[in-house]
Amino acid sequence: MATNITFIGAGNMASAIIGGLIDSGIAPDSITATSPTEDMLRPVSQRFGVNTQTDNNAAICNADVVVLAVKPQIMRDVCEAMQETVLQQRPLIVSIAAGLDAETINQWLGGGHAVVRCMPNTPSLVGYGASGLFANQAVTSEQRDTAAQMMEAVGIVEWVEDEALIDAVIAVSGSAPAYFFLMFEAMEEAAVKLGLPADTARRLAIQTALGAATMAQRSEDTPATLKQNVMSPGGTTERAIQHMEDAELRKTIADAMQACADRAQAMSKELSAG
Ligand SMILES: NC(=O)C1=CN([C@@H]2O[C@H](COP(=O)(O)OP(=O)(O)OC[C@H]3O[C@@H](n4cnc5c(N)ncnc54)[C@H](OP(=O)(O)O)[C@@H]3O)[C@@H](O)[C@H]2O)C=CC1
Ligand SMILES: O=C(O)[C@@H]1CCC=N1
């Protein structure tokens, strides 16, 4: 990908995408990351060998793609401070912020910009990311390809044509690595109560999740069938699954994902109003 990419913000999510891009063979000197202090930039510079900058405007001067990777709450100030340079340079803008729609970002940058809204997740760091993408009207097909290529370098990409669906993407993949990490915590705690050493329990739980995910990905069977295949009638799994169903685990998951999407919508209203 012969493209200069600047990441505004070098925190958790930007580092995950940068790490995935470097692993996929993208040249480190085509990537620049910014942060207000050198201290925050040292880890990405040392770990990935990318260019770093504390001045956002200087960092986007030669950028083809600008990835906005700061917290949603400071995005307005960050965008407005880059407005003049972005208006001159006209890069493709890729915003990864939760709860900020493409038009709000476009307006904060002065208007008329090609904006791709992207909802990635942290497994991008290891090449197993999952990103939902939405493009505004100004994005050309070439820019669409550039955005897709960038995120495909770190995982899978799904386009949505209705921007409102990005909130569903946040619920099912953007925030979802945390759901699985919670599951690992809970399984480890429970296995320790059953007598296993914590590190053994953690390794077994994580490997099992990896195995289940790989099977689900490769198999033509549905997750429901794969689950059924583990459940011997009258056996142990049936007992565990019945317990989860009785405890309304499905409803807990559905309610949690609804709360996630609702929060994204509320953030959008709060942040675009002011
Ligand atoms: N974490 C995740 O799993 C996901 C996050 N996102 C989105 O990614 C975005 C970033 O989240 P995350 O990486 O978790 O947050 P982090 O706080 O880890 O990263 C944000 C970074 O931006 C830096 N920063 C602050 N002000 C500026 C500025 N003026 N110019 C440049 N950089 C600045 C911060 O530096 P300092 O710490 O010094 O203030 C920090 O390093 C958010 O909008 C979030 O919604 C999307 C999907 C998943
Ligand atoms: O929790 C958050 O707001 C961000 C967006 C998706 C994952 N982390």
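No experiment lies behind these values; they were computed from the predicted model shown. (Residues numbered from 1 in each chain as written. Chains lettered and ligands numbered in written order. Predicted model: local features only at pLDDT ≥ 70, side-chain atom pairs only at ≥ 80, totals over all residues. Heavy atoms only, no water.)

## Points about the site of ligand 2
Here is step 1: Around ligand 2 sit A98, G174 and S175, and that is every residue in its neighbourhood.
Here is step 2: In isolation ligand 2 has 250 Å² of accessible area, and contact with the protein removes 44% of it.
Here is step 3: Put simply, ligand 2 lies in the second largest pocket. (Near = heavy atom within 4 Å. Areas by Shrake-Rupley, 256 points an atom, 1.4 Å probe, with all protein chains shown as cover. 1 Å grid on protein atoms, 1.4 Å probe; cavity = no way out; pocket = protein on both sides within 12 Å on 5 of 7 lines; lining within 4 Å. Sits in = over half its atoms within 2 Å of the grid points.)

## Some words on helix α2 (residues 38-48)
Note that an α-helix has 3.6 residues per turn; residues three or four places apart therefore point the same way.
Here is step 1: Where α2 is concerned, the buried positions are L41, V44 and F48. Taken down its axis, α2 places every buried residue within 60 degrees of arc, on the same side. Exposed positions of α2 whose direction lies more than 90 degrees from the buried face are D39, Q46 and R47.
Here is step 2: On its buried face, α2 is in contact with α1 (12-23), β2 (31-34) and β3 (51-53).
Here is step 3: Just downstream of α2 lies G49, where phi reads positive at about 70 degrees. (Buried < 20%, exposed > 50% of the residue type's maximum accessible area, 1.4 Å probe, protein only. Helix = DSSP H or I, 4+ residues; strand = E, 2+ residues; numbered from the N terminus. Arc of directions from axis to C-beta. Contact = heavy atoms within 4.5 Å.)

## So, the side chain of D167
Here is step 1: Mapped onto the secondary structure, D167 falls in helix α7 (residues 166-174).
Here is step 2: An unpaired buried charge is present at D167: no salt bridge exists, and R117, the closest side chain of opposite charge, is 4.1 Å distant.
Here is step 3: Once you skip the residues sitting within four places of it in the chain, D167 turns out to touch R117, A261, A264 and Q265. (Lys, Arg positive; Asp, Glu negative; His and termini not counted. Salt bridge = Lys/Arg side-chain N within 4 Å of Asp/Glu carboxyl O.)

## Details of the domain arrangement of the protein
Here is step 1: Examined at the domain level, the protein breaks down into domain 1 (5-165) and domain 2 (174-268).
Here is step 2: Using only C-alpha atoms to locate each centre, domain 1 and domain 2 end up separated by 31 Å.
Here is step 3: In this assembly, 10 residues from domain 1 lie in contact with 5 residues from domain 2.
Here is step 4: For the pair domain 1 and domain 2, the summed buried surface comes to about 550 Å²; carbon and sulfur atoms form 60% of the total.
Here is step 5: Across the domain 1-domain 2 interface, the total number found is 1 residue pair in polar contact (both at pLDDT 80 or more).
Here is step 6: The class makeup of the residues in the side of domain 1 that touches domain 2 is 5 nonpolar, 4 polar and 1 charged. (Domains from an automatic or database assignment. Buried area = accessible area lost by both parts, 1.4 Å probe. Polar contact = N/O pair within 3.5 Å; in protein donor to acceptor, adjacent residues only side chain to side chain. Nonpolar A, V, L, I, M, F, W, Y, C, P; charged D, E, K, R; others polar.)

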